[in-house]
Protein chains: 2
Amino acid sequence: MASKLSKLSGFPEWLPEEQLVERELCNRVRKVYESHGFTPVETPAVELMETLLAKGVEGKELYGLQRYGAEPDGEPGLGLHFDLTVPFARYTALHLNDLDFPFRRYQLQKVWRGERPQKGRFREFYQFDADVVAREMLPLCCDAEMVSLFVKALKATEVGEFEVVLNNRKILLGLFESLKFQPAVFSELTTIIDKREKIGDEASRELLLALEGGSESQSDELLEAASRSFSAASVGQLREEDFSSDVSKTGVRELQEIIALIPESLRENISVHYGLARGLDYYTGIIIEGRFSQYPEFGSVGGGGRYDGLVSQYLKTSVPGVGISLGISRMMDLILRHKLFPTVQKSCSELLVTVLGEDDRSRCIQLAEELRNEGINVEVFYKSPKLGKQIDYAAKKGIPYVLFYEETGSTLRLKNVNTGEQTEYEGVREAAKAVRRASD
Amino acid sequence: MASKLSKLSGFPEWLPEEQLVERELCNRVRKVYESHGFTPVETPAVELMETLLAKGVEGKELYGLQRYGAEPDGEPGLGLHFDLTVPFARYTALHLNDLDFPFRRYQLQKVWRGERPQKGRFREFYQFDADVVAREMLPLCCDAEMVSLFVKALKATEVGEFEVVLNNRKILLGLFESLKFQPAVFSELTTIIDKREKIGDEASRELLLALEGGSESQSDELLEAASRSFSAASVGQLREEDFSSDVSKTGVRELQEIIALIPESLRENISVHYGLARGLDYYTGIIIEGRFSQYPEFGSVGGGGRYDGLVSQYLKTSVPGVGISLGISRMMDLILRHKLFPTVQKSCSELLVTVLGEDDRSRCIQLAEELRNEGINVEVFYKSPKLGKQIDYAAKKGIPYVLFYEETGSTLRLKNVNTGEQTEYEGVREAAKAVRRASD
């Protein structure tokens, strides 16, 4: 009785050699996050549905949970988290008295969104976040550090040339206010600005005019402002005077202050674009987005920003935060489609012990144990066919060495699978040393 | 407007210092798995509901997914996986032609079960699995390796004294047959034997008698057999002759052969118990279970076994497998309740750069960058209060060093937070070397 076998669209899984690429990618980012003293935290994949609905995502993208075949039991509705920021804010508020502030954590977990799958867009995907939150006051040097961290993390991935675009939600907010849009449509306005680059100015203008009380002059002025950007070299040209509203002026000043606190060596990838909006609605200050320049079709591969109200919604005190998020699964899609990383090795084994006959097996197992005690990863072949077959297996898996077990004495003969060269070593320690040297 | 804040029962999350314990625990197990050449693989948390329902779990423990507020759209039913073996079998069958066999993988992921939460039992929890599958034939040396791996992994956790209990489903199956139980109740019989230790012989007998066609002599004989166990020292006393059925005899012979292929140094923790049954119904040969001797109330902290039909159900060829699984979240509960691991450090930072005034900040940031380039994890304090406050922060977080930034020259003054000792170093490289040396 054959069961159905099918790949679920939008739920990626990798072959072993691809999985090793994802591990390497995550390790590169983790190293950067830890070098700034961020510490790992995880939250459950499952949150109260009301926690998820409170902030920043369309309900229909949420996955709710239902125990199979169970009667409704009056338990509160549960759902899968759609990002790591909302759960982190809930975590911070819940454990407020057990945490030391400023609290700096990173978080690598899967999130779920019921979107239509497309290039680089999955229903289950890894995000790799870093955030810092503090009590009462979080100075702008923290925003600057998060931008620096974002630049360094993207650089560390070694995926390719990238650009990091900054803006400040306060600039947009001030614009909305000074152009006399109704506060009720601010959230929609943000969404339109966010889509602008994709749908173009004409389509954006139509959406703006369709808003309650939308006028042509308003729309044109907003789109004009949203088209302005400043490359790394011209970032010094940001001027408060370009805006009439105090809120926008504050936004510009904050950006200037933040950029001044980013080490110069990291600034070349950074630009400011007044048209950057970001989709999620919890941001209140700086917003950040990253793209790989050669692969514009993958869109944003990460982003973040300042959120002053996300933790505080649960509390009576203020707990502002700022964070970044890297789209690991989207990067993986990009890396695999463009074959950017080598995928030679399919195994963690560094050495295969060949077995010439089943009578030798116990002694081969013992020898493998001794080699493992010297710190190398060893596999004993599971059957005892002709040597050629066993060497083929090592070659196919990318295992660099095979060991020929012989009963006589303590001499070990190793074959380098890539070069074909054979070398004899006196004892387990010497052999292990040679393998370790090769894999360093 | 304060939102609701509550901890979801059965969905554990850890404080930063506890998270570092979980990371250490997982690293210890990972190191053992990799030393045997197992390679990491992940599968989506989400599978087709029919894949999950096909094998081994009660439907009501499954969590199904439903897009929030969405109309039923005719898409196939999705659910969260309840273990890692069923998805791994589906993965192996789906990617059969892209994998090299024997295929050895490990998998560390969360799984979900809608059980009533209790001590060591969660609704969302980590399992850490290792499995090997092959085409057509998987020799018993693979079962032996998985038992060895299980023993070594439990030892590596350093949680405490442990015992590993083995049995063979064939022994139970042969007993059921020779005692003339109806094949229709074999699955129920396994469940009763599995519960026997918890509910006692009397209650078990009642359950057996309640089965269709159950008789007193049958029940007594089965319970008698299920009570027999052999400690490490007496494992040599396993005798085929104790059983009348050929299937049971084969089961005994397999156990003997498997134990003979386990290095002697790993055998002392192993015993055989004919009453071990394991809950999941996909096992067909050896079954394995581990317990920490001092903490019987936590029950099994891991287990596994041979499954000959799990991959093959999707295919026309045979792909037998054998694997083990460690209950990481259950171990975490045990470790935290009994304070078995030290939880001193709350941060990945190795050094805090203190900031005496905001005018110094840019230079402190630059200095931190230089120290990170030397490979140490550095945090710059986010404000510039009195030094004492900054040192207190380092002490609270378990950051071992603080650096006092001074403008004069290249001399760096470090304070060891634990001892209070201050030392001066000539240049960034020397200072970094001292910090690295201390954390090694």
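Teacher, can you tell me more about the sheet that holds strand β15 (residues 401-404) of chain A here?
Pairing between sheet strands relies on hydrogen bonds along the backbone, with the strands arranged either parallel or antiparallel. Residue and element names in this part refer to chain A. Spatial ordering of the open sheet is given by β14-β13-β15-β16-β17, a layout of five strands whose pairing is mixed. In this open sheet, the two edge strands, each paired with only one partner strand, are β14 (378-380) and β17 (422-426). Looking at each pair of strands side by side, their axes are set apart by 30° on average, direction ignored. The sheet contact formed by strand β13 (residues 351-354) and β14 spans three bridges and is parallel. Bridge pairing in β14 links Leu 352 to Glu 379. Packing against the sheet, helix α10 (residues 361-373) makes contact with β13, β14, β15 and β16 (411-416), and its axis sits at approximately 175° to β14. On top of the sheet, helix α11 (residues 387-397) reaches β13, β14, β15 and β16; it is set at about 165° to β13, its chief contact.

How do you make sense of the relation of the copies chain A and chain B when you look at a structure like this?
Laying chain A over chain B is done by rotating through 180° and shifting 0.0 Å along the axis; what remains is an RMSD of 0.0 Å. Here the transformation between the copies is reduced to the relation of a two-fold axis. When C-alpha positions in chain A are compared against the rotation axis, the closest is assigned to Leu 65 of chain A, at 2.5 Å.

Would you mind going over the nonpolar core with me for this structure?
Nonpolar side chains tend toward joint burial in soluble globular proteins. Tyr 33 and Leu 166 of chain A are the most contacted members of the largest nonpolar core, which totals 91 residues. Among the elements that take part in this core, helix α4 (residues 140-157) of chain A stands out by supplying 12 residues, more than any other. Setting aside residues no more than four positions away along its own chain, Leu 166 of chain A makes contact with Val 147, Leu 255, Ile 259, Ile 270, Ser 271, Val 272, His 273, Leu 276, Ile 286, Ile 287 and Ile 288 of chain A. Residues Tyr 382 of chain A together with Val 32, Leu 208 and Val 322 of chain B belong to the second largest nonpolar core, which totals 89 residues.

Before we go on, may I ask you to explain the environment of Glu 241 of chain A in this structure?
Looking at the secondary structure, you find Glu 241 of chain A in the loop between β8 (229-230) and α8 (246-260). Owing to a relative accessible area of 55%, Glu 241 of chain A belongs among the exposed residues under this scheme.

Looking at this structure, how should I read the interface of chain A and chain B?
A common way to state how big an interface is: give the accessible area lost once the parts meet. Counting residues at the interface gives 98 residues for chain A, matched by 100 residues for chain B. Surface buried jointly by chain A and chain B totals about 8,800 Å² across both partners, of which 57% is contributed by carbon and sulfur atoms. In this assembly, chain A and chain B are joined by 14 salt bridges. A salt bridge links Asp 100 of chain B to Lys 346 of chain A, with the shortest nitrogen-to-oxygen separation between them at 3.3 Å. If you look at where chain A meets chain B, you find 44 residue pairs in polar contact (both at pLDDT 80 or more). Looking at the side of chain A that touches chain B residue by residue, the class counts come to 50 nonpolar, 20 polar and 28 charged. Of the pairings in the sheet, the one linking strand β3 (residues 63-67) of chain A to strand β3 (residues 63-67) of chain B comprises five bridges and is antiparallel in character. Counted as the bridge partner of Tyr 63 of chain A is Arg 67 of chain B from β3 of chain B.

What counts and how
Residues numbered from 1 in each chain as written. Chains lettered and ligands numbered in written order. Predicted model: local features only at pLDDT ≥ 70, side-chain atom pairs only at ≥ 80, totals over all residues. Heavy atoms only, no water. Pairing = 2+ DSSP bridges. Helix = DSSP H or I, 4+ residues; strand = E, 2+ residues; numbered from the N terminus. Axes fitted to C-alpha atoms, helices over the stretch in contact; angles between N-to-C directions. Contact = heavy atoms within 4.5 Å. Least-squares fit on C-alpha atoms with pLDDT ≥ 70 in both. Core = buried A, V, L, I, M, F, W, Y, C linked by side-chain atoms within 4.5 Å. Buried < 20%, exposed > 50% of the residue type's maximum accessible area, 1.4 Å probe, protein only. Buried area = accessible area lost by both parts, 1.4 Å probe. Salt bridge = Lys/Arg side-chain N within 4 Å of Asp/Glu carboxyl O. Polar contact = N/O pair within 3.5 Å; in protein donor to acceptor, adjacent residues only side chain to side chain. Nonpolar A, V, L, I, M, F, W, Y, C, P; charged D, E, K, R; others polar.

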